[in-house]
There are 2 protein chains.
Amino acid sequence: MVERWGVYEIVLTGPSSGNPFTDVEVQAIFSYRNRDVTVDGFYDGGGRYKIRFSPDQEGSWRYRTVSPTTELNGHRGDFEVGPAGAGNHGPVRVFGRSLFRYADGSRHESYGTTCYHWTHTGDLDHEELTLASLAESPFNKVRMCILPTQDMRPDRLAFVGSTAETLDRTRFNLEFFSHLEDRIGDLGRLGVEADLILFHPYDKGHWGVDNMSPELDRFYLRYVVARLAAFRNVWWSISNEYDFNHAKTVADWDDLLLYLQRIDPYRRLASIHNGTRMYEYESIYDFDKPWTTHQSIQHWDAARAEDWRARYPRPVVIDEIGYEGDVDRRWGNLTGREMTRRFWHGMAAGGFVGHGECYVDNPNGHWISRGGRLIGDSPQRIAFLRSIIDEAPADWTDTADYRLIYFGERVPAEHFLELGDEDHLIDVIDTWQMTVEPVPGRHRGRCTVPLGRSDLALRVRRVRRRTDATNKVREVA
Amino acid sequence: MVERWGVYEIVLTGPSSGNPFTDVEVQAIFSYRNRDVTVDGFYDGGGRYKIRFSPDQEGSWRYRTVSPTTELNGHRGDFEVGPAGAGNHGPVRVFGRSLFRYADGSRHESYGTTCYHWTHTGDLDHEELTLASLAESPFNKVRMCILPTQDMRPDRLAFVGSTAETLDRTRFNLEFFSHLEDRIGDLGRLGVEADLILFHPYDKGHWGVDNMSPELDRFYLRYVVARLAAFRNVWWSISNEYDFNHAKTVADWDDLLLYLQRIDPYRRLASIHNGTRMYEYESIYDFDKPWTTHQSIQHWDAARAEDWRARYPRPVVIDEIGYEGDVDRRWGNLTGREMTRRFWHGMAAGGFVGHGECYVDNPNGHWISRGGRLIGDSPQRIAFLRSIIDEAPADWTDTADYRLIYFGERVPAEHFLELGDEDHLIDVIDTWQMTVEPVPGRHRGRCTVPLGRSDLALRVRRVRRRTDATNKVREVA
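Residues numbered from 1 in each chain as written. Chains lettered and ligands numbered in written order. Predicted model: local features only at pLDDT ≥ 70, side-chain atom pairs only at ≥ 80, totals over all residues. Heavy atoms only, no water.

Topic: the sheet that holds strand E8 (residues 92-95) of chain B
Residues and elements named next belong to chain B. Taken together, the three strands give an open sheet; going across it, the order is E8-E9-E10, and neighbouring strands pair in antiparallel fashion. Of all strands in the sheet, those with a lone pairing partner are E8 and strand E10 (107-108), marking the two edges. Two strands pair when backbone bridges link them, and E8 and strand E9 (residues 99-102) are joined in this way by four bridges, in the antiparallel orientation. What sits directly across from Phe 95, in E9, is Leu 99. (Pairing = 2+ DSSP bridges. Helix = DSSP H or I, 4+ residues; strand = E, 2+ residues; numbered from the N terminus.)

Given below as structure tokens:
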């Protein structure tokens, strides 16, 4: 029995001659009561065809396959879907205007990090180290690429062939995908979303995978979606720094995102990530377009999340805000303190911030490129921030019962609050020292809290009197 | 003999009955060879009318007065204008696209500060303290208001009357203006520009001076210009935070700026200062409009100066970028370090940044409101920055011979430079410790400079070989 939001897989036998990737097509129609979901299959080598499906409801499902290839056509079956297992909350969805929730309704705030090519190193020990680092980190999303950069010479590429000359972009490397999906599964078990970057502009003509024809782009997307969309922790990022790719226009990206939406039976979270400095809205993608689910933004000014939230009815994920480290690139030499501040600024403004790290002398290499081990100062502070938000009401950005006032680099001697005529609890949070110090007593009316050092936040919680089931008055904050 | 860019004043006797401010008009036409300049006179009480003129050329000038009032009409005279005295470089003008110069061609980079109502305290000792503080500061411009805020109860207002009820907005308080022009003169002697804020939105209906009729606005402007425009250190800021004034539209401000340009014989520097957070260009005033000479911007992100420079052919003056201090307002609790960083970011991006200070426990009160004594950490660092820029070529933002690379809060372990095949001198500047440490030797080609702490800048100067008059080869950096 497959669990809800798990993966059910049909394996069929069919042709292995010619180029099955291009020549053979198979789909399955999965049905629950009177609802049909059509899912593409994919060729997995040796005459094997797989159709992967992630059911979103418990109960009896049935399927039938459809293919112009006789051997693959007309297979039927049924299966039972049981409850989600422990730790399986389903895929992340957009909730309301600018929040996320798991499909089971439980909370999800996004704490992303970036390991662009952690699955391309060819070093399994290193990949295990990355997974262990993620497991003990606060991060629950990783941005990661499928395609290589011009400088990489990985053992395996998404396509068959190991050099630019021999690369056959009409055939997929099955070991590559098998490995990639294992890693996506590993992330899923850790509760980490795989924010898959489908294209990026770092090829510069070397592999020829950033300027393919629309047909090849779709061919690639369709295979990726058929193989990977069933993993409930998959997000789609159609491109990193899309505007740095001079071979494609915004209209091209629109076409690809629309295509992606059409072939993805689950409508996984999907977005597109800008590269330019984006001082102005002109250089943000228009996230009103219905094929994006959230705003994936590169910008250093997290506090602007508030404006982006106002502008588009989509959650704001600042997937690149600068990286902690000391490399000689403008984007890669934030102190841990500055990285931490940007997380707090972003969360306080109702956005979600992404982390990255690149220290010159990290013996495991740059985290942003290949994962490994985190050595920076910010992850533990981001974990602390996460513990604070975890304790906050789920609508922490929009309720008067709870306020998080973040001062960051600003150092007021004190902060004045007008609390009205209900009792409040106030805590001074040192976001760098990771302490929470209650201001003794309960507070109402006009109230001044001494501050006077940097990296502080105030948490203000209204104490509500509630009558519980036993008619006792309880106070909750 | 009056000096070039000095003030020549004609005093005439005329009517003192009725309301001479509204009833009497007098102008003088000043002529140099075949050039005429028409200048408004103003009533200065006791039947005295003055016409103030600042000649911009040495040599023989003549004048004749024009007035419908017989006693004031047809006066003629001539006078000689001599060379500018020591320290008199003339008014500041726009130079090229985004720089300033004094009228005599000497350099002027703007280092502004803010003392909104330093001339309204009624405390002359305090005003002298302010002047002394300015004299030893790096600042060469002060933003200052003419009109009071709702909360102030100054001894003297620009208009006659001391309460909101008795204020007569058709008569000017002569003591107020006499005092104000003394202070403008004091600033001029210190080499400090008086950036006069003509309107502001902080009246909230109390004095009734932020929502006057267009006629009263013009009446007020005309008097101010007639009295003060002759001071060569006057700049006009038509309004502070103009967009917070709900009684006026952008079209109203356009009208007033156009009017100002028309009545100001010298076309002093003129701009308008925004209040909104100005995330987007939409909320910047359109500085292409010909009646503005420079962009007067409120924004916290100094590095954007580069974009604003690109956008409008006007110098960028970030007149509000947050203030050093510890007050409980978002704009008023920067550390000295952060204030310093914003100055460096702005200058490195080719903009000019304004300072302000407001410490709760400054016994002399808030510098931004009433002047007094500076106690912050940034002024001495801004002086250090000024000393660096003073040594730079005048076109420091646009020459390949000189580069200032500022890292601010970023901490790269090292910085790579590609210097080409000419020798360069490199200095590591610690903008906080105020040290300049040369990287020994001369540098060309590929070069890596160790950094590794915050608040550093690199100065890179090309060494050019020149042949001097004696045919000796000299090297200059």
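That was the structure; now back to the text.
So, the pairing of strand E6 (residues 59-66) of chain B
Residue and element names in this part refer to chain B. Here strand E3 (residues 27-32) runs beside E6; their pairing, made up of five bridges, is antiparallel. If you follow Ser 31 over to E6, its bridge partner there is Arg 62. In the sheet, E6 pairs with strand E7 (residues 76-82) via six bridges, with the strands oriented antiparallel. Bridge assignment links Trp 61 to a residue of E7, and that residue is Phe 79.

Observations regarding the relation of the copies chain B and chain A
Of the transformation placing chain B onto chain A, the axial shift is 0.0 Å and the rotation is 180°, giving an RMSD of 0.0 Å. Classification of the inter-copy transformation places it as that of a two-fold axis. A shared interface surface links the copies, since 100% of the contact residues of chain B are contact residues in chain A too. (Least-squares fit on C-alpha atoms with pLDDT ≥ 70 in both. Contact = heavy atoms within 4.5 Å.)

Quick notes on the pattern of salt bridges
By the definition in use, this model includes 72 salt bridges over all chains. Between Lys 289 of chain A and Asp 254 of chain A there is a salt bridge, and its shortest N-O distance comes to 2.8 Å. Pair noted here: Lys 289 of chain A is in the loop between strand E17 (270-271) and strand E18 (295-298) and Asp 254 of chain A is in helix H5 (residues 250-263), with a separation of 35 residues, a long-range link. Linking Glu 25 of chain B and Arg 222 of chain B is a salt bridge whose minimum nitrogen-to-oxygen distance equals 3.4 Å. Of this pair, Glu 25 of chain B sits in the loop between helix H1 (20-23) and E3 while Arg 222 of chain B sits in helix H4 (residues 214-228), and the two are 197 residues apart along the sequence. On the basis of relative accessibility, which here comes to 40%, the residue Glu 25 of chain B falls in the partly exposed class. The class of Arg 222 of chain B is partly exposed, set by a relative accessible area of 26%. Salt bridges linked by common partners bring Glu 9, Asp 44, Arg 48, Lys 50, Arg 52, Glu 181 and Arg 227 of chain A together as one network. (Salt bridge = Lys/Arg side-chain N within 4 Å of Asp/Glu carboxyl O. Buried < 20%, exposed > 50% of the residue type's maximum accessible area, 1.4 Å probe, protein only.)

Overview of the side chain of Asp 40 of chain A
Residue and element names in this part refer to chain A. Mapped onto the fold, Asp 40 is located in strand E4 (residues 35-43). Of the polar contacts made by the side chain of Asp 40, one reaches the side chain of Gln 27; its length is 2.8 Å. A polar contact of 2.9 Å, which involves the side chain of Asp 40, links it to the side chain of Arg 222. The contacts of Asp 40, once residues within four sequence positions are left out, are Val 26, Gln 27, Ile 51, Arg 222, Ala 226 and Ile 263. (Polar contact = N/O pair within 3.5 Å; in protein donor to acceptor, adjacent residues only side chain to side chain.)

As for unusual backbone geometry
Residue and element names in this part refer to chain A. A positive phi angle is found at Arg 33, which is not glycine, with a value near 50°. Tracing the backbone through its elements, the reader meets Arg 33 in the loop between strand E3 (27-32) and E4. Non-glycine residue Arg 267 carries a positive phi angle of around 50°.

Some thoughts on the environment of Ala 251 of chain B
The topology assignment puts Ala 251 of chain B in helix H5 (residues 250-263). As a C-alpha pair, Ala 251 of chain B and Thr 399 of chain B span 148 residues in sequence and 39 Å in three-dimensional space.

Quick look at the domain arrangement of chain A
Residues and elements named next belong to chain A. Splitting chain A by domain gives domain 1 (2-82), domain 2 (98-391) and domain 3 (402-476). One C-alpha centre belongs to domain 1, the other to domain 2; they are set 28 Å apart. On the side of domain 2, 19 residues touch domain 1, which itself brings 21 residues to the contact. For the pair domain 1 and domain 2, the two sides together bury roughly 1,700 Å², of which 56% comes from carbon and sulfur. Sorting the residues of domain 1 by area buried against domain 2 places Trp 5, Phe 21 and Arg 52 first, and these three jointly supply 38% of that buried surface. Taken together, domain 1 and domain 2 are joined by four salt bridges. (Domains from an automatic or database assignment. Buried area = accessible area lost by both parts, 1.4 Å probe.)

Some thoughts on the UniProt feature "domain: DUF5060" (unreviewed entry) in chain A
The sites that carry the UniProt feature "domain: DUF5060" (unreviewed entry) are, in the present numbering, residues 2-67 of chain A. Between the end C-alpha atoms of residues 2-67 of chain A there is a gap of 25 Å, over a span that is 6% helix and 56% strand. (UniProt positions renumbered as here; feature names shortened; annotations may be inferred.)

Some details on the interface of chain B and chain A
Of the residues lining the interface, 29 residues belong to chain B; the matching set on chain A comes to 30 residues. Of the roughly 2,500 Å² buried between chain B and chain A on both sides combined, carbon and sulfur atoms contribute 41%. Between the two partners, chain B and chain A, sit zero salt bridges. Here chain B and chain A share 12 residue pairs in polar contact (both at pLDDT 80 or more) between them. For the side of chain B that touches chain A, the elements supplying multiple residues, two or more each, are helix H7 (336-348) and strand E24 (414-418) of chain B. With three residues, the top contributor of residues to the side of chain B that touches chain A is E24 of chain B. For the side of chain B that touches chain A, the per-class residue count stands at 11 nonpolar, four polar and 14 charged. (Nonpolar A, V, L, I, M, F, W, Y, C, P; charged D, E, K, R; others polar.)

Quick look at the nonpolar core
Phe 30, Leu 198, Phe 199, Tyr 220, Trp 236 and Ile 238 of chain B are the most contacted members of the largest nonpolar core, which totals 116 residues. Here the element with the most residues in this core is H4 of chain B; it accounts for nine residues. Within the second largest apolar cluster, 115 residues are counted, among which are Phe 42, Val 209, Ala 270 and Ile 318 of chain A. (Core = buried A, V, L, I, M, F, W, Y, C linked by side-chain atoms within 4.5 Å.)

With respect to the sheet that holds E6 of chain B
What the seven strands build is an open sheet, ordered E1-E7-E6-E3-E4-E5-E2 (chain B); its pairing is mixed. Unpaired on one side and paired on the other, strand E1 (2-3) and strand E2 (8-13) of chain B mark the two borders of the sheet.

Notes on the pairing of strand E15 (residues 193-199) of chain A
Residues and elements named next belong to chain A. For E15, the tally of buried residues reaches seven of seven residues, placing the bulk of the element in the interior. Here strand E12 (residues 141-145) runs beside E15; their pairing, made up of five bridges, is parallel. Across the sheet, residue Val 142 finds its bridge partner in E15, namely Ala 194. Taken together, the five bridges between E15 and strand E16 (residues 234-239) define a ladder with parallel strand orientation. For Ala 194, the partnering residue across the bridge sits in E16 and is Val 234. Viewed along the sheet, the connection from E15 through helix H4 (residues 214-228) into E16 turns out right-handed. (Right-handed = clockwise from strand over helix to strand, strands pointing away.)

Quick word on the packing of helix H3 (residues 174-189) of chain A against H4 of chain A
All names here are of chain A. Where H3 contacts H4, the two axes come as close as 11 Å, and the packing angle between them is 45°. Classified by the angle their axes make, H3 and H4 are oblique. Read as a crossing pair, H3 and H4 show a hand that is right-handed. Contacts between H3 and H4 involve Leu 174, Phe 177, Ser 178, Leu 180, Glu 181 and Ile 184 from the former and Tyr 223, Val 224, Arg 227 and Leu 228 from the latter. (Axes fitted to C-alpha atoms, helices over the stretch in contact; angles between N-to-C directions. Parallel < 35°, antiparallel > 145°, perpendicular 65-115°, else oblique. Left-handed = near helix turned anticlockwise from the far one by under 90°.)

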